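Listed here are the chains, written in short residue letters.
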Amino acid sequence: MVTVPVEEYLRPAMMPTIWCPGCGHGIIMNAVLRAIARLEIPKDDICVVSGIGCASRAPGYLDFNTLHTTHGRALAFATGIKVANPKLRVIVLTGDGDAAAIGGNHLIHAARRNLGITTVCFNNSIYGMTSGQYSPMTPSGRLGTTAPYGNVERNFDLCDLVRACGANYVARATTAHPRQLSTYVEHALTTPGFAFVEAVTQCPTYFGRKNRLGGPVELIEWFKKNSITVAAAAKLDPADLAGKIIIGEFHRGDAPDYSELYAKVIQRAKEAAGK
Ligand SMILES: Cc1ncc(C[n+]2csc(CCOP(=O)(O)OP(=O)(O)O)c2C)c(N)n1
Ligand code: SF4
């Protein structure tokens, strides 16, 4: 196995992390760093943006240009950064609450614009930082602080949503599949346009405990047992997919990147002004 050093991307002064023992967020952060290391992207070319939440603490530990913004608005800040400086590799690290609840509007429009931002959504199916309220990614029937008798809402399929909105790259893996996850982040970083990776992860402190699913090991085992590849899922009846986590690459398109189109607008404006 080839070892990829990621220490140079960390800020030791910010350690230890705020994450609970067994939280999956560190696995995702590691997968992102390994993808960056394999691509040998210079640190100064990267800008990592987050909102608020346990997941959104990740950029604080990373030695790139980083922005820890407001809850739900990571993609709004990232959009401004990318439009102002299209040469930057802009990466958004966000939670399922941050991206799909308060930030849902920004997510659909970022995907619709197909602006070249790589978004990694740390989906632990709950609001971790604020003690376990249900999120738009909490599966129906599951328990949360605000759903003590079971969540009656249906959860989004975030990959379906983002794909339908027009993103060029959409994939999902879990913390039980860290290498696959890292490969998908690498593909996301090398696909022009909006790229989205859903990383299904464990929150043993709230989701695991409230739903009596056990600790981190049991949750990872549960991901392994209940994951099914896109190819295998395509052969099954939708009813047989209830409760399953479909993993794999859902879409790789080549629709024009917003920055490309916007550069042409700038050119046309300059020509019209005789510059
Ligand atoms: C405008 C605003 N509303 C609500 C909050 C409270 N808040 C902080 S983090 C959070 C949810 C975080 O959940 P998620 O994004 O899923 O990340 P996790 O903590 O689970 O990793 C909420 C509701 C806030 N900080 N700002
Ligand atoms: S509360 Fe959950 S998501 Fe937050 S650090 Fe702890 S285990 Fe991770």
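In this report, we go over the structure that sits alongside the text. (Residues numbered from 1 in each chain as written. Chains lettered and ligands numbered in written order. Predicted model: local features only at pLDDT ≥ 70, side-chain atom pairs only at ≥ 80, totals over all residues. Heavy atoms only, no water.)

Contacts to ligand 2 come from Trp19, Cys20, Cys23, His25, Cys54, Asn124, Gly128, Cys203, Pro204, Thr205 and Tyr206. Ranked by residues supplied to the shell around ligand 2, first place goes to helix α7 (residues 204-210) with three residues. By residue class, the composition of the shell around ligand 2 is seven nonpolar, four polar and no charged. (Near = heavy atom within 4 Å. Helix = DSSP H or I, 4+ residues; strand = E, 2+ residues; numbered from the N terminus. Nonpolar A, V, L, I, M, F, W, Y, C, P; charged D, E, K, R; others polar.)

Looking now at the site of ligand 1. The environment of ligand 1 is formed by 17 residues, the closest being Cys54, Ala55, Gly97, Asp98 and Gly128. Methionine 129 is positioned with one of its backbone polar atoms (N or O) 2.9 Å from an oxygen atom of ligand 1. Isolated, ligand 1 exposes 590 Å² of accessible area, and the fraction of that covered by the protein chains is 73%. The biggest single contributor to the shell around ligand 1 is helix α3 (residues 96-100), with three residues. (Polar contact = N/O pair within 3.5 Å; in protein donor to acceptor, adjacent residues only side chain to side chain. Areas by Shrake-Rupley, 256 points an atom, 1.4 Å probe, with all protein chains shown as cover.)

Attention now goes to the environment of proline 192. When you line up the elements, proline 192 lands in the loop between α6 (178-190) and β6 (195-200). As for proline 192 and serine 259, which are separated by 67 residues in sequence, their C-alpha atoms are 9.6 Å apart. Residues contacting proline 192, with those up to four places away along its chain left out, are Asn168 and Asp257. (Contact = heavy atoms within 4.5 Å.)

The next thing to look at is helix α8 (residues 216-226). Among the residues of α8, Leu219, Ile220, Phe223 and Asn226 are the ones counted as buried. Buried residues of α8, viewed axially, fall in a sector of 140°; they line one side. Among the exposed residues of α8, those pointing more than 90 degrees away from its buried face are Val217 and Lys225. If you follow the buried residues of α8, they end up packed against α1 (25-39), β5 (169-174), β6, α7, β7 (227-229) and β8 (245-252). (Buried < 20%, exposed > 50% of the residue type's maximum accessible area, 1.4 Å probe, protein only. Arc of directions from axis to C-beta.)

Pairing is mixed in the open sheet, where eight strands are placed in the order β2-β1-β3-β4-β6-β5-β8-β7. At either end of the open sheet lies a strand with only one pairing partner, and these are β2 (65-68) and β7. The sheet shows a mean angle of 20° between the axes of neighbouring strands, taken without regard to direction. Relative to the sheet, helix α5 (residues 158-165) contacts β4 (117-123), β5, β6 and β8, its axis offset from that of β5 by approximately 170°. (Pairing = 2+ DSSP bridges. Axes fitted to C-alpha atoms, helices over the stretch in contact; angles between N-to-C directions.)

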